[in-house]
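Breakdown of the fold
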Amino acid sequence: MGGVLATPDPDLVERLRRDLRAARYTVDELEALWGAEAEAALERGDRVPALRALAAQAGRPAATLATAFLLGMPVPGPELSAALPALGLDGARGLGLLDAAGRPAMDLRPYAFLDAHGAGSWWIASDRGELATGGALRTDHVLGIGGASATLAGLQLPDVVDATLDLGTGCGIQALHAARRSRRVVATDISERALGYARFNAALNGVANIEFRLGSLYDPVAGERFDRIVSNPPFVITPRTAGVPAYEYRDGGMVGDAIVEAVVTGAAGHLAPGGVAQLLGNWEERPGVAGLERATGWADAAGLEAWIVERETLDPARYAETWIRDGGTRDSDPGYEELVAAWLDDFAERRVAGVGFGYILLRRPDAGAKLRRLERLAAPLGGGSADGQSAAGLGGHLAATLAAFDAQAALDDEALLASRAVVAPDVTEERSHWPGDADPSVIVLRQGGGFRREVRADTGLAAVVGACDGELSLGVIVDAVAHLLEVDAVALRAELVPQLRELLVGGLLTLA
């Protein structure tokens, strides 16, 4: 893309769109062309099986386009021209798809998704990755769709709002998703090259309600407020040491986890009342302070409600190795060990014991109880239904959790016990017994969708949950269980109410 900020020629974009449609350049078509084994190999970074499969489909436009723009291999001019009849090779150069010598100059791939608003598909352009270039990435590399960006897209709340800010838009994928549930989107980035790709992707996919602005953090939106803020910030902790590459797409230019702190604290001044910010991030574990508590402290200082989910924690060496390899430097490359040493020195200076990664949801208080929820959840994500395939996905689960928190928080204990509840359809119960014992030694309630929570339950809680079919109030059920277990009903109520609130917020129970 060469950092071009000008709006791409709409005529050339329309010609490209016609060619991509005519070629059936879609996720389903490519999977049919190269098969499941080659698809799995690509996910591991091996393109050979896909190349072999595409070579057997020579002449098919989708195979030609995938060879050039997804796998990054040179394609003879006549073949590429046949796959792009409307755009032509000159038009492809004009859009930056090809360099002056006619070689692929960007990654352009189909992308399909399912959200609460239905199925959709786009074509997404970005810089060519390490698989195509065969070497380390350029420091101003513009990343395409990765696992983290796909996860954040699925986390976006599904309800439609007036205005959304995509902070650090990169290739624009979060802005495109936000445009499906927001009347107006402002997408910002400090990288001119990233904004060039984001503009191109919006134009190519016919998305017109996104405004692009250049600048750092919240500078481009000074004085503005939004109903939603979404951000996959450049949160990778990078030593500020000479010789250590700083990649724009992942390195925010600050020490430690300060970039995530800046995004969290800055959100307070740009959220409308009741507005929600959602972002990915890292947080350092330092002596006497767990990473989750540090991250929550940022939200507390900003006066924001917070729900933070930690998905994994890496020790300093594993963290350094992961991100050095992400930049294209391999263990056997010259300078690899020096880079690891620089990372470890940086962590040692701040006495960092580990780095957590996860999701942050912030809300500007409007009224009612304040949400402050910290969770460590490492189980595979399960979507929003028993089969994990709900159209609302995890975004729907987050929205339901926020609503459930507000609903139960509005009820005092007596009102809660007067309410009726039902067990969510994705909840199962597992009981373990010591050999020969009639009573279970362990009872676990498992959530099949959402965050797949697992809740240890004693006999009393399990009995109450098992009786929640919406017919009787929680208070009546608890009293009946107390009678069966021959325990004091008042004491059992006091013990179970906080646990029932947690099950309601987590989605294992719902108010009838």
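Above this text sits the structure in question.
Along every chain, residues carry numbers that run from 1 in the direction the sequence is written. A pLDDT threshold of at least 70 governs which residues receive local features in this predicted model, and a stricter bar of 80 or more applies before side-chain atom pairs are shown or counted, although totals over entire chains, interfaces and linings include all residues. Excluding hydrogens and water, the side-chain values take into account all heavy atoms of the structure.

1. Some points on the pairing of strand β5 (residues 210–214)
- In the sheet, strand β4 (residues 182–189) pairs with β5 via 5 bridges, with the strands oriented parallel. Note that in β5 the partner of V186 across the bridge is E211.
- For the crossover from β4 across helix α10 (residues 192–204) to β5, the handedness is right-handed. Only strands joined by at least two bridges in the DSSP assignment are considered to pair. Helical segments are the DSSP runs of H or I of at least four residues, strand segments are the runs of E of at least two, and each set is numbered from the N terminus. When the strands point away from the viewer and the path from the first strand over the helix to the second turns clockwise, the crossover is right-handed.

2. What about the packing of aromatic side chains?
- Working definition: rings of Phe, Tyr and Trp (its six-membered ring) pair if their centres are within 6.5 Å, and the pair is stacked with planes under 30 degrees apart, edge-to-face with planes over 60 apart, and tilted otherwise. Evaluation of the coordinates by the stated rule reveals 10 aromatic pairs.
- Judged by centre distance (6.1 Å) and plane angle (45 degrees), the ring pair of Y247 and Y249 falls under tilted. For the pair formed by Y247 and Y249, the shared burial category is buried.
- Consider the rings of F357 and Y359, whose centres lie 6.4 Å apart with planes at 85 degrees: the pair is edge-to-face.
- Grouped by ring-pair contacts, the aromatic residues F235, W307, F357, Y359 and F451 constitute a single cluster. Only protein chains enter the accessibility calculation, which uses a 1.4 Å probe; a residue is then buried when its area is under 20% of its type maximum, exposed when over 50%, and partly exposed in between.

3. What about the environment of D366?
- With respect to the secondary-structure elements, D366 resides in the loop between β9 (354–363) and β10 (372–376).
- A C-alpha to C-alpha distance of 54 Å links D366 and P61, two positions 305 residues apart in sequence.
- Contact partners of D366, with chain neighbours within four places excluded, come to P273 and G274. Between two residues, a contact is recorded if the distance between any of their heavy atoms is within 4.5 Å.

4. Details of the side chain of D189
- In this fold, D189 is placed in strand β4.
- Note on charges: Lys and Arg go in the positive column, Asp and Glu in the negative column, and His and the chain ends are not counted at all. By salt bridge we mean one thing: a side-chain nitrogen of Lys or Arg within 4 Å of a carboxyl oxygen of Asp or Glu. Among buried charged residues, D189 stands out as having no salt bridge; its nearest opposite-charge side chain is R193, 10 Å away.
- Here a polar contact is recorded for every N or O atom pair within 3.5 Å, except that within protein the pair must consist of a potential hydrogen donor and a potential acceptor, and residues adjacent in sequence are included only if both atoms are side-chain atoms. Of note is the side chain of D189, whose polar atom sits 2.8 Å from the backbone nitrogen of S191.
- Once you skip the residues sitting within four places of it in the chain, D189 turns out to touch G168, T169, G170, A194, L195, R213, L214 and G215.

On their own, these measurements won't tell you what the molecule is for.
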